[in-house]
Amino acid sequence: MVNIVIDGKSIQVPEKTTILEAAKSVGIKIPTLCYFKGLNEIGACRICVVEVEGYDRLFTACNSPVEEGMVIQTNSRKARETRKANLQFILSEHQDRCPMCVRNGNCELQKTAGDLNVHSTPFKKHIDDRTSNPDFPLIRDYSKCIKCMRCVQVCDKIQHSNVWDVVNSGGTITVDVGKAYRLEDAPCVLCGQCITHCPVGALHERDDTQKLMDAIDDPDKIVLVQIAPAIRTAWCEEFGMKPEEATVNRLASALRIIGFDYVFDTNFSADLTIMEESSEFVERLTHADQFKFPMFTSCCPAWVRFVKANWPKYIPQLSTAKSPQQMFGAIAKSWYPQLLGVDPKRIFSVSVMPCLAKKAECALPTMNSAGAGQDVDLAITNREITRLIRAHQIDPTDLEDEQLDMPLGIGSGAGAIFGVTGGVMEAALRSAHYFVTGKNASPETFKAVRGQQGWKEAEFEIGGTKLKVAVVNGLSNANQLITELEKGRVHYDFVEVMACPGGCVGGGGQPIHAQKEMAPDRAPVLYNIDKKLPWRYSHANPSIIECYKSYLGKPLSERAHHLLHTDANGWKMPGEK
């Protein structure tokens, strides 16, 4: 333990504790901006400077460890004036048209300026007014970058994609794409984690809300929407509602006010994905001599992009099953128009997703199986739907729950847990057990794959066959797993990968909370939904049963293959030969 004095308080803290954490332990707040605990502790912004007795220089509290006998002043005149000057320097290079920024009201720079009573800067403005390609799903606005380095750190440490880097030197130093001239030419997986970790609006998703409203206003279009499992864990957050209040049925009410003709549940197509993916896994196990293992899940498009960019030899080991978003789109423009008795070309298919990679996925040339244009016309993020709800002056707290439309509005508990790390694996094993044995295992049989750990392993037995499975979230963990596979140190039969920490609940399109990872708080919402639903197995969903009976035939049928499966080699990542 180390004895220090901080703002007149004598305290004891463990050695190596930072000044910032020591102050926090006794209720003393030190302002920060670039800091993100465990990820970015580099003192780049120098907003957290404090004065230490006996030293002329100021210390950055976020990364300076305490020392025995230190006497620290966190709010001395010298510290206050230096913080103010540092913040004014940052503001002199920041485009501060706040009302038109997507982060207005949820910006750490805006809040810090208010907290430090800084409302102007004496320094000459110098703004880099470049903007990246507005058609790409991820957009960088150089005029708002504060060079905090968070995007660099999360892309390198958590996602192993190394897209962002420090470029230039001296007064021209900035953050930019590191491996290519343009962002769209970089090996970006479009996970969006750089957006959710950016403290300002320098990174944001392409806004497709106007395209959506144009479709809704077109009388010739029938606009339907699917709601992803992870959306119901987080859409409530910006409205100050609890998850139990912000049900998917209340969201359905808001979406109908916006103008959607039909509101459906991606849980339906998550169940459809399990039917196909579980059947494919059983088929591969049955003919093990014809396949390489492990089989990898394919429902996360950011993970698929990562494989293609970094480990292309493993593409044949990806499941050929499409993601739930794309399966829904294919059914929405094939089976559902038959039920409505309308021309499939009138259907405008929209998805509300926790993810940026879904914007790229729905535009792929291989995602048009139904023959009526792209199967999903538009993917919008949780943040975009929140902005639309507000733009329509809707107060969700005043709405009543409304039922989703049938038959694509029914999902099982297995479909619901798709949004959390381990959920796809658990759902797949529930149905695989049934396909092999003809009996349902208890829904809790495979819960060993649950949890927020970056890499989990488990062993199960299904019909006398022993299986070893793994679940990873965060692409650095996926990269490490494949590296261990390459070295022969591990062996698995089935591996689930989700690009974002915690799974889709922590997706790059979800609401942003300053310096906080929200996946651990959101995951229990989906497990509670699973417990409460009458069907906890994908193969027990009555709408899925009817879809196969009246349209698809059976899993892996010719029609199912045409509509619900894809070839990851049918499109290319930048630089792919």
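All values reported here derive from a predicted model rather than from experimental measurement. (Residues numbered from 1 in each chain as written. Predicted model: local features only at pLDDT ≥ 70, side-chain atom pairs only at ≥ 80, totals over all residues. Heavy atoms only, no water.)

Notes on helix α16 (residues 475-486)
Compared with an ideal rise of 1.5 Å per residue, which puts twelve residues at 16 Å, α16 spans 16 Å between its outermost C-alpha atoms and is within 8% of the ideal. Next to the buried residues of α16 lie α4 (150-158), β12 (295-296), α9 (301-310), β15 (455-462), β16 (465-473) and β17 (494-498). After α16 finishes, the residue G488 shows a positive phi value of roughly 75 degrees. (Helix = DSSP H or I, 4+ residues; strand = E, 2+ residues; numbered from the N terminus. Expected span 1.5 Å × (residues − 1). Contact = heavy atoms within 4.5 Å.)

Some thoughts on helix α7 (residues 248-258)
With nine of eleven residues buried, α7 lies mostly within the body of the structure. Among the residues making up α7, those that are buried are V248, N249, R250, L251, A252, S253, A254, L255 and I258. Buried residues along α7 sit in contact with α6 (209-216), β10 (222-227), β11 (262-265) and α13 (382-391). Phi for G259, located one or two positions after α7, is positive at around 130 degrees. (Buried < 20%, exposed > 50% of the residue type's maximum accessible area, 1.4 Å probe, protein only.)

Some thoughts on unusual backbone geometry
Note the cis peptide between F293 and P294, where omega equals 10 degrees. Along the chain, M406 connects to P407 via a cis peptide bond; the corresponding omega equals 5 degrees. The residue P407 is located in the loop between α13 and α14 (413-416) in this model. In this structure, K16 takes a positive phi of about 75 degrees despite not being glycine. With respect to the element layout, K16 can be found in the loop between β2 (9-13) and α1 (19-25). Positive phi, close to 60 degrees, is recorded for R46, a residue that is not glycine. Here R46 shows up in the loop between α1 and β3 (49-52). Take R46: its relative accessible area is 37%, and that puts it in the partly exposed class.

Overview of empty space enclosed by the protein
If you roll a probe as big as a water molecule over the atoms, it shows you where there is empty space left. Scanning all chains against the criterion turns up three cavities of 30 Å³ or more. The volume enclosed by the largest cavity comes to roughly 290 Å³. As for the largest cavity, its lining consists of 25 residues, and the residues nearest its centre are C299, P354, K358, F418 and C504. For the lining of the largest cavity, the secondary structure elements donating two or more residues are α8 (266-286), α9 and α10 (324-332). The class makeup of the residues in the lining of the largest cavity is 19 nonpolar, five polar and one charged. (1 Å grid on protein atoms, 1.4 Å probe; cavity = no way out; pocket = protein on both sides within 12 Å on 5 of 7 lines; lining within 4 Å. Points joined across faces, edges and corners; volume = space filled by probe spheres on them. Nonpolar A, V, L, I, M, F, W, Y, C, P; charged D, E, K, R; others polar.)

What to know about the pattern of salt bridges
Considering all chains together, one arrives at 41 salt bridges under this definition. The partner of E426 in a salt bridge is R430, with the nearest N and O atoms 3.0 Å apart. On the criterion of helical spacing, the pair formed by E426 and R430 is a turn pair, its members being four residues apart in helix α15 (residues 423-437). According to the relative accessible area criterion, E426 is buried, its value standing at 0%. With a shortest N-O distance of 2.8 Å, E444 and R536 are connected by a salt bridge. With a gap of 92 residues between them, E444 in the loop between α15 and β15 and R536 in the loop between α17 (519-532) and α18 (542-552) connect regions that are remote in the sequence. Here E444 falls in the partly exposed class, since its relative accessible area comes to 26%. Each of the salt bridges in this network shares a partner with another, and the network as a whole consists of E426, R430, E444, R450, D530 and R536. (Salt bridge = Lys/Arg side-chain N within 4 Å of Asp/Glu carboxyl O.)

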